[in-house]
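Coordinates in review
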Amino acid sequence: MKILVCIKQVPGSSNVEVDPVTGVLKRDGISSKLNPYDLYSLELALSLAEKYGGEVETITMGPPQAKSIIDEAVCMGAKGGTVLSDRKFAGADVLATAYTISQGIKKCGEFDLIICGKQTTDGDTAQVGAEVSEFLNIPNVSNVLSVDAIEDKKLFVTASLDEKIVKMSINLPCLISAEGDINTPRLPSYKVKQTLTGDTARFFSFADFDDQNPDNYGLSGSATQVERIFPPEKNSEKAVIDGDAEEQSEALFELIRSKKLI
Amino acid sequence: MYNSLTEKDIQALKNIAGDANVLTGDEINPDFSHDELGGVSKMPDALVSVRTTEEISAIMKLAWERCIPVTVRGSGTGLVGSAVPVCGGILLETTKMNKILELDRDNLTVTVEPGVLLMELAAFAEENDFLYPPDPGEKSATIGGNISTNAGGMRAVKYGVTRDYVRALTVVMPNGEILKLGGKVAKNSSGYSLKDLVIGSEGTLCIITEAVLKLLPLPKVSVSLLVPFPDMKSAIEAVPRIFGSKITPTAIEYMSRDTILFAEDYLGKKFPDTKNDAYILLTFDGNTEYQVEEDMKAVADLCLSIGAIDAYIVDTEERKKSVWSARGAFLEAIKASTTEMDECDVVVPVNRVDEFIKFTHSLAKEMNVRIPSFGHAGDGNLHVYICRDTLSDADWENTLTICFDRMYKKADEFGGLVSGEHGIGFAKKEYLKKQYGDTPIRLMQGIKKVFDEKNILNPGKICF
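Report follows, based on the coordinates.

Cut-off values and rules
- Residues numbered from 1 in each chain as written.
- Chains lettered and ligands numbered in written order.
- Predicted model: local features only at pLDDT ≥ 70, side-chain atom pairs only at ≥ 80, totals over all residues.
- Helix = DSSP H or I, 4+ residues; strand = E, 2+ residues; numbered from the N terminus.
- Rg over C-alpha atoms; globule rule 2.2 N^0.38 Å.
- Contact = placed C-beta atoms within 7 Å.
- Buried ≥ 20, exposed ≤ 12 C-beta atoms within 10 Å, placed from the backbone.
- Arc of directions from axis to C-beta.
- Core = buried A, V, L, I, M, F, W, Y, C linked by C-beta atoms within 7 Å.
- Pairing = 2+ DSSP bridges.
- Axes fitted to C-alpha atoms, helices over the stretch in contact; angles between N-to-C directions.
- Parallel < 35°, antiparallel > 145°, perpendicular 65-115°, else oblique.
- Left-handed = near helix turned anticlockwise from the far one by under 90°.
- Nonpolar A, V, L, I, M, F, W, Y, C, P; charged D, E, K, R; others polar.

Across its full length, chain B carries 15 helices and 18 strands. Computed over its C-alpha atoms, the radius of gyration of chain B comes to 22 Å, within 12% of the 23 Å expected for a compact globule of 464 residues. Taking the principal axes of the C-alpha coordinates as reference, chain B spans close to 70 × 60 × 45 Å. Within chain B, residue pairs in contact and separated by at least 24 positions form 73% of the contacts whose partners lie at least 6 positions apart.

Dropping the structure here:
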């Protein structure tokens, strides 16, 4: 079975500052890491490959240095991967990102199963996976908690639907998005890292894609435009309430009421 | 020799601490009769929740005058019965004294009340870009308790123990007198170090009501390595080799597969790798990624060259959490795996850790009892647990006595000591006496008498 996992490089810390004037994330000096949600989908893919046979590849879209997360996935057990990188892809919203990734996947070959993480920790939209499946015209299940069996070219999954847990089958090839925290991702191997030779990733740019219309990619392919990014207002005011439980709850109630929150 | 609390005494306590903060008889939750391990238990006659140094001083004046025993308790996470009021009397509970009073950025100190929890202090320091290095596994312990046992923890390999980070203490003497010991100073050759006598004295000399603690700038980069070995022998033998490489990791912990599986069960959460029998977990910290990476690589290469199966990189918050949360739960996990247990917290020279662990394995076999262990391979402090499982009362007592006798004897042979960080309290005092002999114990008793002539403060502990 051939499994492809979509991964993304995100800022290494959740405390990335936003330039109050330009609204741009201050990425200088901030380390990056593999999106934590993608670790669960990678682990799911690697354990499925171990159980049912097959191999795991990864794909990402980003600047050339995003290759480091392809390497990291290799250190966890993936075979290799693809970086989709081109200035024409910059400024892509969810729609343009999903379209670019779907074009990239088509160039990578045939896969039985594509797994995405639930969301990224920088974008947090949780929409790319489902949209990629639309562009590839394959079925999709989101919020997958577990893959229970693979039989007769069908995937049997348990998925979370807000207040319900559903079990369903889905025809292969398909795309699933894994929920967060569904497993404990394996750790990258230092031993494998020492053997990396630099040929773990191939690079595809706009020129490699079938669709050569630049209006479908990047900023111009985006249906939405970000007007402004700004940090939420911070309130560092702290109040400590002393007393026993009754006194504390009384004082807290008064405080909330005085602020007209209730 | 002690007086019992009278109605008048209780009214006096209520006048000092407030009616709601003084409980007696059935009003006291039975949890206050024991600590985390529960080997010794005794209910106090009165439980007083204190809030200020002055309150404690007033209570001690009363207790001194009336000759009533007083025991101090923080979160009750101790393991040797130090906070158990074995002679009854008053139990002073300090968890309401939980304010962080001052962060002195010029002198790199933080001033805290004794009831501040270790996890609260650690988080506060980090929020302000500082590190409070002592890192005992029990994060819900109070700082007062940590100072009272001179707790060590995982980062002791590089940064030392609680004692190394206590600059000054405000204490209440058994007669109620308030003293300030030490100061916000980096050096101190001013007579006997009374502050250092108080650290590790388990509440027997005086009551800590405020502490000035030293902070370090927060290292900017920290990476851990989880290194699997085919067996415990090769894992532990790697430790002296790592020290020989002149690289000092922040922490070196060892853990067996069995212990990890207990933690998985207890937490309901899988550990990232359980394929191998033994692991060492190392942490490296520093201010640049390059430096930390170089240290990590050197140690990973060394481990691979001496039999490690791999070296897994633990480099993000999520990965650290998946590994260290299991490490933090080992004690509770082993406790949950058995009906009852008792612990041995010996410390041996680092190059004897392997032999000591092997000894516990052969002892377990010989006595037909489970003796799981984990601990600080990098500083020789081992946490060894004897599990009761299905043993009868008589067999359990007998097994415990034999196992403890033999383990402490073996530690002594290796040049080790009875306790690395949990203290002596009530449970281990016989072993301390056995190891130290008459003169050191007599000196300790003399010190206790000078501080507390009437022996009212935490009586029946350490050397009495």
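Further remarks concern the overall build of chain A. Looking only at helices and strands, one finds 6 helices and 11 strands in chain A. C-alpha extents for chain A along the principal axes are approximately 65 × 45 × 40 Å. Scored against the burial criterion, the 262 residues of chain A give a buried share of 37%. Sequence-distant contacts, at least 24 apart, represent 68% of the contacts inside chain A between residues at least 6 apart.

Here we take up helix α8 (residues 257-267) of chain B. Residue and element names in this part refer to chain B. Burial in α8 covers these residues: Thr259, Ile260, Phe262 and Ala263. Summarising the axial view, the buried residues of α8 lie within an arc of 155°, below the 170-degree limit, and thus occupy one face. Looking at the buried positions of α8, the neighbouring elements they touch are β13 (251-256), α10 (317-328), α11 (330-336) and β17 (373-376). Gly268 sits one or two residues past α8 and shows a positive phi near 65°.

The next point concerns the nonpolar core. Grouped burial of nonpolar side chains is what soluble globular proteins tend to show. Ranked by internal contacts, the top residues of the largest apolar core, which has 140 residues, are Val48, Leu92, Leu225, Val227 and Ile280 of chain B. Residue contacts for Leu92 of chain B: discarding those within four places in its chain leaves Val48, Val50, Ile56, Ile59, Val70, Val72, Arg73 and Ile207 of chain B. Ile70, Leu113, Val132 and Val157 of chain A belong to the second largest nonpolar core, which has 57 residues in total.

A word on the sheet that holds strand β2 (residues 46-49) of chain B. All names here are of chain B. A sheet is described by the order of its strands in space; here 4 strands give the open sequence β1-β2-β4-β3, paired in mixed fashion. A single partner strand is all that each edge strand has here, and the edge strands are β1 (22-24) and β3 (70-73). With strand direction ignored, the average angle separating the axes of adjacent strands in the sheet is 20°. Two strands pair when backbone bridges link them, and β3 and strand β4 (residues 90-93) are joined in this way by 4 bridges, in the parallel orientation. Paired with Val70 across the strands is Ile90, a residue of β4. Contacts from helix α2 (residues 53-66) reach β2, β3 and β4, with the element oriented near 170° to β4.

The next subject is the packing of helix α3 (residues 94-108) of chain A against helix α4 (residues 128-136) of chain A. Residue and element names in this part refer to chain A. One can describe the packing of α3 onto α4 by two numbers: an axis separation of 8 Å at closest approach and a directional angle of 50°. Comparing their axes, α4 and α3 come out oblique. In the packing of α3 onto α4, the handedness of the crossing is right-handed. Listed contacts from α4 to Val94, Leu95, Thr97, Ala98, Tyr99, Ile101, Ser102 and Ile105 of α3 are Val128, Glu131, Val132, Phe135 and Leu136.

Glancing now at the pairing of strand β14 (residues 278-286) of chain B. All names here are of chain B. Of all 9 residues making up β14, 8 are buried, and the element is well covered by its neighbours. Sheet topology note: the strand β12 (residues 221-229)/β14 ladder contains 9 bridges and is antiparallel. Within the sheet, the bridge partner assigned to Val227 lies in β14 and is Ile280. Direction of pairing for β13 relative to β14: antiparallel, over a ladder of 6 bridges.

A separate point is the environment of Phe284 of chain B. Here Phe284 of chain B shows up in strand β14. Measuring from C-alpha to C-alpha, the distance between Phe284 of chain B and Gly74 of chain B comes to 32 Å, with 210 residues separating the pair along the chain.

All names here are of chain A. Here we have 9 strands laid out as an open sheet, ordered β9-β8-β7-β10-β6-β1-β4-β5-β11, and mixed in their pairing. Whereas interior strands pair on both sides, the edge strands pair on one side only; in this sheet they are β9 (164-171) and β11 (201-204). When strand polarity is set aside, the average angle formed by the axes of neighbouring strands in this sheet is 30°. Two strands pair when backbone bridges link them, and strand β1 (residues 2-6) and strand β6 (residues 113-116) are joined in this way by 4 bridges, in the parallel orientation. Within the sheet, the bridge partner assigned to Ile3 lies in β6 and is Leu113. In the packing of helix α2 (residues 67-76) onto the sheet, the strands contacted are β4 (55-61), β5 (80-84) and β11, and the crossing angle to β5 comes to about 165°. Across the sheet, α3 touches β1, β4, β5, β6 and β11, and the angle it forms with β4 is around 140°.

Residues and elements named next belong to chain A. The pairing of strand β7 (residues 140-151) with strand β8 (residues 154-161) spans 6 bridges and is antiparallel. Counted as the bridge partner of Ala149 is Phe156 from β8. What sits between the antiparallel neighbours β7 and β8 is a turn of 2 residues, in which Asp152 has the positive phi angle 45°. Here 8 bridges tie β8 to β9, and the two strands are oriented antiparallel to one another.

Another aspect to go through is the packing of helix α12 (residues 353-367) of chain B against helix α13 (residues 393-413) of chain B. Residues and elements named next belong to chain B. Remark: α12 packs on α13, axes separated minimally by 11 Å, with the N-to-C direction vectors making an angle of 155°. In this view, α12 runs roughly antiparallel relative to α13, as classed from their interaxial angle. Handedness of the crossing formed by α12 with α13: right-handed. Of the residues in α13, those touching α12 at Phe356, Phe359, Thr360, Leu363 and Met367 are Thr399, Ile402, Cys403, Arg406, Met407, Lys410 and Ala411. Here the residues of the contact of α12 with α13 sort into 8 nonpolar, 2 polar and 2 charged.

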